[in-house]
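# Fold and contact review
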Amino acid sequence: MNILEEKFPLKRGLGGSKNNPYIEKVKNHPKILTDFEKEIYSHKWKWDSFFTTKIPPEKGARGFLRPLVLEIWTGLGNYFSKNVNENLDKNFIWMEIRYKRCFLTAEKTLWKVKNNDNSVDNTSLDKYNENFVIIKDYAEKITKIFDKNEISETLVYFPDPWLKKKWLHKRLLQEEFLNNLFERTKTWWKLIFKTDHLGYFLHVLQEVEKTSWKILIKTFDYEKEGFYVWNSITEFEQVFRWLNIKICYLELIKEN
């Protein structure tokens, strides 16, 4: 029984195509919570209790809970893995709907297992950093996954811009989602958004005006401003920079 089943002893469903080889891998992975555990959403998630560990004493904050970082579509898993391994004083949740990407990201975030050594038991929890979990579900489900004032920081990097007019309603960062995320974000913490699509960026700015979020940083040329110096680069960001495609960047803060 993995850590999720110990905390929430519910039967997992399969769903999806039976031909997808990653269904079982995701279902049995000790660090992935699937969207098919519908009953689990009847619980009030308490992530501070789920991530029971405190900030290490050497960080100078004995007894304080780690900040909770939510990453939504931040690439192919390398960026998330890097954050998890380099920021042990934070807890991370990665949301993604694709089976394969969930599984491969969990494996990339291995701590002790190196070089894809198949002789090692990759299902053992002691092989993983304790400061992360992956949720295979749609980001719109945050109202069922997070309580109010629970998230410290949310990263949304290069989401699908849904270019056709008939699909615009599918864009993630719209008024309803932004309001739901605002309620679940702690005061004085942030939402950070990146996109290579100017039209989507302008649309998000319009949606932000309808909410209580305050704009902290806004730029239509992320690289020119030099933000990549102090921000890690995702796989897609590397490609866009190589193609000289401008990246729009937005930081929003919850002031109250």
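Refer to the structure above for everything that follows.
Keep in mind it's a predicted model, so treat the numbers as computed, not measured.

Before going further, it helps to spend a moment on the pairing of strand β4 (residues 132-136). Taken residue by residue, a regular strand's side chains alternate between the two faces of the sheet. Most of β4 sits inside the fold, with 5 of its 5 residues counted as buried. Burial along β4 is two-sided: Phe132, Ile134 and Lys136 facing one way and Val133 and Ile135 facing the other are all buried. Pairing between strand β3 (residues 91-96) and β4: 5 bridges, direction parallel. Pairing of Met95 across the sheet is with Ile135, part of β4.

If you add up the space inside the largest pocket, you get close to 470 Å³. Every residue lining the largest pocket is counted, 16 residues in all, and those nearest its centre are Trp73, Ile97, Tyr138, Asp160 and Trp162. The class makeup of the residues in the lining of the largest pocket is 10 nonpolar, no polar and 6 charged.

On to the sheet that holds strand β5 (residues 151-157). Spatial ordering of the open sheet is given by β1-β4-β3-β2-β5-β6-β8-β7, a layout of 8 strands whose pairing is mixed. For this open sheet the edge positions go to β1 (32-34) and β7 (214-219), each flanked by a neighbour on one side alone. The sheet shows a mean angle of 15° between the axes of neighbouring strands, taken without regard to direction. Across 4 bridges, strand β2 (residues 68-72) lies against β5 in parallel orientation. Its bridge partner being in β5, Ile72 is matched across the sheet by Val156. Those strands touched by helix α4 (residues 78-86) are β2, β3, β4 and β5, and its axis lies near 165° from that of β3. Along the sheet, helix α7 (residues 175-184) contacts β2, β5 and β6 (185-195); its crossing angle with β6, the most-contacted strand, is approximately 140°.

Let us look at the pairing of β5. Counted residue by residue, β5 has 7 buried out of 7 residues, so it is predominantly covered. As defined by bridge partners, β5 adjoins β6 across 6 bridges and the pair is classed as parallel. Of the residues in β6, the one forming a bridge with Ile151 is Thr185. You can see the chain leave β5, run along α7 and come back into β6, and the turn it takes is right-handed.

Conventions used here
- Residues numbered from 1 in each chain as written.
- Predicted model: local features only at pLDDT ≥ 70, side-chain atom pairs only at ≥ 80, totals over all residues.
- Heavy atoms only, no water.
- Buried < 20%, exposed > 50% of the residue type's maximum accessible area, 1.4 Å probe, protein only.
- Helix = DSSP H or I, 4+ residues; strand = E, 2+ residues; numbered from the N terminus.
- Pairing = 2+ DSSP bridges.
- 1 Å grid on protein atoms, 1.4 Å probe; cavity = no way out; pocket = protein on both sides within 12 Å on 5 of 7 lines; lining within 4 Å.
- Points joined across faces, edges and corners; volume = space filled by probe spheres on them.
- Nonpolar A, V, L, I, M, F, W, Y, C, P; charged D, E, K, R; others polar.
- Axes fitted to C-alpha atoms, helices over the stretch in contact; angles between N-to-C directions.
- Contact = heavy atoms within 4.5 Å.
- Right-handed = clockwise from strand over helix to strand, strands pointing away.

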